[in-house]
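Given next are the chains, with one letter for each unit.
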4 protein chains.
Amino acid sequence: MAGSIFGTILKISTWGESHGKAVGVTIDGCPSGIRLEESHIQQWLDRRKPGQSKFTTKRKEEDRAEILSGVFEGKTTGTPIAIVIHNTDQRSRDYSEIASYYRPGHADYTFDAKYGFRDYRGGGRSSGRETIGRVAGGAVAARILERAGIDLYAYTKEIASVSIDAGNFSREAIMENPLYMPDREAAKKAQEALEKRMEGQDSAGGIIECVIRNVPAGLGDPVFGKLDARLAAAIFSIGAVKGFEIGDGFQAARSRGSENNDSFCIRADGSVGKKTNHAGGILGGISDGADIIFRAAVKPTPSICAPQQTVNRAGEEITAVIKGRHDPVIVPRAVVVVEAMAALVIADELLLNMGTRIDDVEKFYRRR
Amino acid sequence: MAGSIFGTILKISTWGESHGKAVGVTIDGCPSGIRLEESHIQQWLDRRKPGQSKFTTKRKEEDRAEILSGVFEGKTTGTPIAIVIHNTDQRSRDYSEIASYYRPGHADYTFDAKYGFRDYRGGGRSSGRETIGRVAGGAVAARILERAGIDLYAYTKEIASVSIDAGNFSREAIMENPLYMPDREAAKKAQEALEKRMEGQDSAGGIIECVIRNVPAGLGDPVFGKLDARLAAAIFSIGAVKGFEIGDGFQAARSRGSENNDSFCIRADGSVGKKTNHAGGILGGISDGADIIFRAAVKPTPSICAPQQTVNRAGEEITAVIKGRHDPVIVPRAVVVVEAMAALVIADELLLNMGTRIDDVEKFYRRR
Amino acid sequence: MAGSIFGTILKISTWGESHGKAVGVTIDGCPSGIRLEESHIQQWLDRRKPGQSKFTTKRKEEDRAEILSGVFEGKTTGTPIAIVIHNTDQRSRDYSEIASYYRPGHADYTFDAKYGFRDYRGGGRSSGRETIGRVAGGAVAARILERAGIDLYAYTKEIASVSIDAGNFSREAIMENPLYMPDREAAKKAQEALEKRMEGQDSAGGIIECVIRNVPAGLGDPVFGKLDARLAAAIFSIGAVKGFEIGDGFQAARSRGSENNDSFCIRADGSVGKKTNHAGGILGGISDGADIIFRAAVKPTPSICAPQQTVNRAGEEITAVIKGRHDPVIVPRAVVVVEAMAALVIADELLLNMGTRIDDVEKFYRRR
Amino acid sequence: MAGSIFGTILKISTWGESHGKAVGVTIDGCPSGIRLEESHIQQWLDRRKPGQSKFTTKRKEEDRAEILSGVFEGKTTGTPIAIVIHNTDQRSRDYSEIASYYRPGHADYTFDAKYGFRDYRGGGRSSGRETIGRVAGGAVAARILERAGIDLYAYTKEIASVSIDAGNFSREAIMENPLYMPDREAAKKAQEALEKRMEGQDSAGGIIECVIRNVPAGLGDPVFGKLDARLAAAIFSIGAVKGFEIGDGFQAARSRGSENNDSFCIRADGSVGKKTNHAGGILGGISDGADIIFRAAVKPTPSICAPQQTVNRAGEEITAVIKGRHDPVIVPRAVVVVEAMAALVIADELLLNMGTRIDDVEKFYRRR
């Protein structure tokens, strides 16, 4: 079943394995007339690039985006935008050992169980390199959001149990440290915790929070196309995500109705607002105009240096030690992936929503 | 945008408003040859029926399922199965007040913002009655799961902060109390907590856990069609769900790689198993043969008796008191809805997965 | 596989068998705010009703449309519109004979081959009654077209080799005779030809032409979502259709480029027009603003009174005589089905097309 | 709207413009375990290559297929197969003239009308080069058909009104002349007719016929997913196609029921067969086991050397002469495109159909 295509009107189709020739994405259904350069995509790719700190793998992935179609005279044409990123750091090494057994916490076993065999070089399609296509697609979606006046960003909320408050911080603070954690004190503590994990040949997980501002009220389609359901699917499609919550999330389950309900109010400009935002900007699956706020729980990197018990393809129980270069935590690099998937969902919803009212449809076609 | 259709090969299309003539569902893509009677569906509907305890609304909803098509001589024909449930308890009362303002925590405002107006009678399409179609669809999906040897059930894990352990309990224990909480002590405590909330004119939320046993390894499609991503979308499409997690979920974010990785082992029958199941039965978006375990966080019922601050359509801030009959907690009635959505996902995946390997395709068509 | 759902943004889901309890349709994705009454749908259903002349079956099908959801205070709400039509003329007769063999030209054999058995009463899902849901859906789509200023109609172009020219005729002339053939002379000849076929225990086919006026230039999506490709799929999904062509169609294959190319010109109002319309209103899969004109070839009714050679389920060759009430030609009753399917495609395209240019997207969301 | 993705389980996503850097396709949902080499794809591409005779453009398009992902150790992995073909013959010439006006019979005007501007270099996305992605995708689909024992081929049935009979000819005869017309006499006449058209600065169209043998009975899904409806959409998505018919097609509209019905019979091996095949292998939208036979009408090449009347973007009526290298007929090169689209549909249907009966589903999962 085709599982590498995402979206309804705005669709991305990603492809590529960790150690294949290239990875890439085709963005179909993108509106025409958007200024788009390779540099727009490169900025996003650079944020997921490894090798930027001691907490990310030392692999040198150049990840240079090349646009092959869909852009003419600097603008999107409305036809598919193909983007390719060649794999430049495919060290030719011996994969025969990794081919023979199943790494715990990885998709080695399930790929074999499903397909009968797998591309075992560096995880193949289940590698983190798969996200490059998403990020490139998200970079394009972000250009649509800009035009609609929507602001979207994500950051590290927690790593190795070191957490920060939603509180006040500047957008710039996110980029100030390699963990994308906008709180200097906490980031320092998190780095110390990470170093300890590395010393113990172990790894850490964490939580990413995403905020989307200025989303118009009205996006999302009852009942299965709820905006939160689409976001949940998008975020849960990122490898290593084990939980998703919106607004107060799991905490809402412990709350009272009187606390959890957001009172409506009239804003200075006469529009309807809310006094609080426990709902996280979505009511009944439709955006309510408040900030959309959600969180994703990311599991600890399964690749650790310590020996682990597992089985090989010959059906024997063995103790294996995974070699290679791996991140002790993938949260910081996943931040931009979360942004990309959220941007793709919101951009798609913007396009889907335009024909919701017959008056808008009439106006659109009669004026022409 | 059509948002009331769910699934890929096995699709349900639900319709109906709280106070309209009827609600219903059409199941398309169901395999032929399945024994199906109205009683199979009725059993599922009866579990979400209100009026069964003091914690569910006193409305008397008969919810009698009638199969209108797709079944012949007691078996599914492979063509669409239409099921209708007539609304019998549509008290004709005065809705003019509720029409005039937006109930906090409800979809009143967002429906108006999206569509320009709304069916305000009892919540219209955003009412809990919308789930009847899902449950009827899930009852049919469950018949497919049975044939494939898969066992699926959900239960209340937490209400009003009273929680139970995953521990050992019999399937029968789930049905023993009106909260579907399979722990007599905890259920009693939860009931007391609920009574207090009701006294305080307030409401409670909770957590539902779902377990799916005997799922064959190999279901789910990388990268966007991950099995957990599809489950997340399905469960998040249920109104009032604010969080979803699989396996250790948010707790995994605080775990170490060495703890969170499940070691593979060889089972007595020679097949590959896992010693633990922190992953919740899914690795890399594909089922690994272990139990699939997930949880959904449900917010407290937004309809509470206490006065609340809100705004009316005239743009004035007002204090409103919501009349009518409402559940102080919707968790118990949502248990069967969670089961239904999970069953629909798994059944769809079973059908999607059959052509994954060319050898299976060849065998299927050559033998004929 | 779910095959009874049609459309992308505007979707219909049809269900029901010839001799089941009812047939129906759910329209999902319909814009909100459209005035809709049962009478709008009834007018369309009445046009496909049998028993209106000696050329249509004498069955009395009341086909009364009942709207069960999606309409509130006389307007569509934007949520699914469920329409049910109860089967009132299900004569309880003996179907054991028809169950035992395969009628030539019918889907009896292929349904058995696919599903392992079939609902043999009156053709089950492959009966012409299946089209009732489409027609009801088309009636709703037509309301969208009206609002966009689009005019759509079909008529009988040929029956039993008696053909009419595209020439000049009034819209009213279509309804003047039971064959929906807007040419008095030709209609008379066609009726005579039909009578002869009936005398000879035989049946006839014909050609339906459909014209769509005032379609804005720009509908349709290269390369697989070409407007003509979507129309072809829609029309070919109608039972008994064996050919589809647009503009000059098959005749274009015999034409020269210099003849077949339509020269562009500037119209009185300064807009771009075409001097001829060999293309039938679509160039490169996108509407060009000229009338869309297409034709469907309909095979002769397979149910004929003459004895036919076939086989039974026991694997024996037999001679069978099909009893029951059948139309000697289905073309006139299929005219409204062609209109319905075309209306559904165009309405869907109108909604799909609104977000094609980023400037329109920006304008739509910034003005709010 | 994403219009460059085709298929349900087996999906292709094509991209690329005539004079961009490259064209390509991603095939998603392809079963794992299929032996696949670049040479398999190259063979298909070579058949649509121009410059092979005086009837095809002299452009030298190398069209070298490179597989970038989805194949490991010579076999498909089940994950997306990305194929890229670099554009090598992009003569840098002056396009300013063609940019200024609309070529009759081309999509220049409609692209501008839809998107607000267009990539005018060589037709951009509406160029025939767009079909390269389809052909590469079809080459992969053909590998699936082979495994299922299905045989598929197309050929030129008519060019410039010179037609051949369905009659008897060897498969090899198709490749014997540059027109892919398996009748030496007719091919010679057609070539003469073509030469005359060229002398007259004009062009020709024609008809392509496709035959698919050994299709198992049971493919296709009532009612909208009829196999002929899917084929119609697939073939009509090819540029320049103006008509599609199956079996007797438009001729069936003039036939009698007694002639058009195919009598069933018992074959030597005891299976059900048909004595004739007027239906073209599909009854009620489901394959009946007989050969599937359909035809596509292709319009004459719109690019002709003779001067033509048209308008420019400044809104003036002008006479234009189109320069450049163009085929006087595109039928021969479209033959392989028809094969590709048909192969994609049948392969997709094979995968979709496997879970049609619950007994097959049960057997598949219980045996594991």
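Residues numbered from 1 in each chain as written. Chains lettered and ligands numbered in written order. Predicted model: local features only at pLDDT ≥ 70, side-chain atom pairs only at ≥ 80, totals over all residues. Heavy atoms only, no water.

1. Describing the sheet that holds strand β8 (residues 151-159) of chain D
Strand pairing in a sheet is mediated by backbone hydrogen bonds. Such pairs are either parallel or antiparallel.
So, point 1. On the basis of which strands lie adjacent, the open sheet formed by 10 strands has the order β9(C)-β8(C)-β10(C)-β16(C)-β11(C)-β11(D)-β16(D)-β10(D)-β8(D)-β9(D) and antiparallel pairing. The two strands at the open ends of the sheet, each matched to only one other strand, are β9 (162-163) of chain C together with β9 (162-163) of chain D.
So, point 2. Pairing geometry for β8 of chain D and strand β10 (residues 206-213) of chain D, over eight bridges, is antiparallel. Its bridge partner being in β10 of chain D, Ala 154 of chain D is matched across the sheet by Cys 210 of chain D.
So, point 3. Sitting on the sheet, helix α7 (residues 227-236) of chain C touches β11 (241-246) and β16 (292-298) of chain C together with β11 (241-246) of chain D, and the angle it makes with β11 of chain C is about 160 degrees. (Pairing = 2+ DSSP bridges. Helix = DSSP H or I, 4+ residues; strand = E, 2+ residues; numbered from the N terminus. Contact = heavy atoms within 4.5 Å. Axes fitted to C-alpha atoms, helices over the stretch in contact; angles between N-to-C directions.)

2. Focus: the relation of the copies chain D and chain B
So, point 1. It takes a turn of 180 degrees to lay chain D on chain B, together with a shift of 0.0 Å along the axis; the resulting RMSD is 0.0 Å. Such a combination of turn and shift is consistent with a two-fold rotation axis. Closest to the rotation axis within chain D is the C-alpha of Met 354 of chain D, separated from it by 3.2 Å. (Least-squares fit on C-alpha atoms with pLDDT ≥ 70 in both.)

3. Considerations on the packing of helix α7 (residues 227-236) of chain D against helix α9 (residues 331-352) of chain D
Residues and elements named next belong to chain D.
So, point 1. Between α7 and α9, the shortest axis-to-axis distance is 9 Å and the interhelical angle comes to 145 degrees. Crossing geometry of α7 relative to α9 is assigned as right-handed. Mapping the contact onto sequence places Leu 227, Arg 230, Leu 231, Ala 234 and Ile 235 in α7 and Val 338, Met 341, Ala 342, Val 345, Ile 346, Glu 349 and Leu 352 in α9.
So, point 2. Here the contact of α7 with α9 is composed, by residue class, of 10 nonpolar, no polar and two charged. (Left-handed = near helix turned anticlockwise from the far one by under 90°. Nonpolar A, V, L, I, M, F, W, Y, C, P; charged D, E, K, R; others polar.)

4. Concerning the interface of chain D and chain B
So, point 1. Chain D puts 32 residues into the contact, and the matching count from chain B is 32 residues.
So, point 2. The junction of chain D with chain B conceals about 2,900 Å² of combined surface from both sides, 56% of it contributed by carbon and sulfur atoms.
So, point 3. For chain D, the biggest contributors to the area lost against chain B are Met 354, Ile 358 and Tyr 365 of chain D; these three give 26% of the whole.
So, point 4. In this structure, the connection of chain D to chain B is made through four salt bridges.
So, point 5. Summed over the shared surface of chain D and chain B, the number is 16 residue pairs in polar contact (both at pLDDT 80 or more).
So, point 6. Within the residue set of the side of chain D that touches chain B, elements represented by two or more residues are α4 (131-147), α9 and α10 (358-366) of chain D.
So, point 7. No other element matches the nine residues that α10 of chain D contributes to the side of chain D that touches chain B.
So, point 8. Grouping the constituent residues of the side of chain D that touches chain B by class yields 15 nonpolar, six polar and 11 charged. (Buried area = accessible area lost by both parts, 1.4 Å probe. Salt bridge = Lys/Arg side-chain N within 4 Å of Asp/Glu carboxyl O. Polar contact = N/O pair within 3.5 Å; in protein donor to acceptor, adjacent residues only side chain to side chain.)

5. What about the pattern of salt bridges?
So, point 1. Counting across every chain of the model gives 108 salt bridges over all chains.
So, point 2. Arg 313 of chain B is the salt-bridge partner of Asp 112 of chain B, the closest N and O atoms lying 3.1 Å from each other. Of this pair, Asp 112 of chain B sits in helix α3 (residues 108-115) while Arg 313 of chain B is found in the loop between β17 (308-311) and β18 (317-320), placing the two residues 201 residues apart along the sequence.
So, point 3. Exposure remark for Asp 112 of chain B: the relative accessible area of 5% places this residue in the buried category.
So, point 4. Its relative accessible area of 46% is what places Arg 313 of chain B among the partly exposed residues.
So, point 5. Measuring nitrogen to oxygen at the nearest pair gives 3.0 Å for the salt bridge that ties Asp 327 of chain D to Arg 333 of chain D. In this pair, the class of Asp 327 of chain D matches that of Arg 333 of chain D, namely buried.
So, point 6. Linked through salt bridges whose partners overlap, the residues forming this network are Arg 103, Asp 108, Asp 112, Arg 118 and Arg 313 of chain A. (Buried < 20%, exposed > 50% of the residue type's maximum accessible area, 1.4 Å probe, protein only.)

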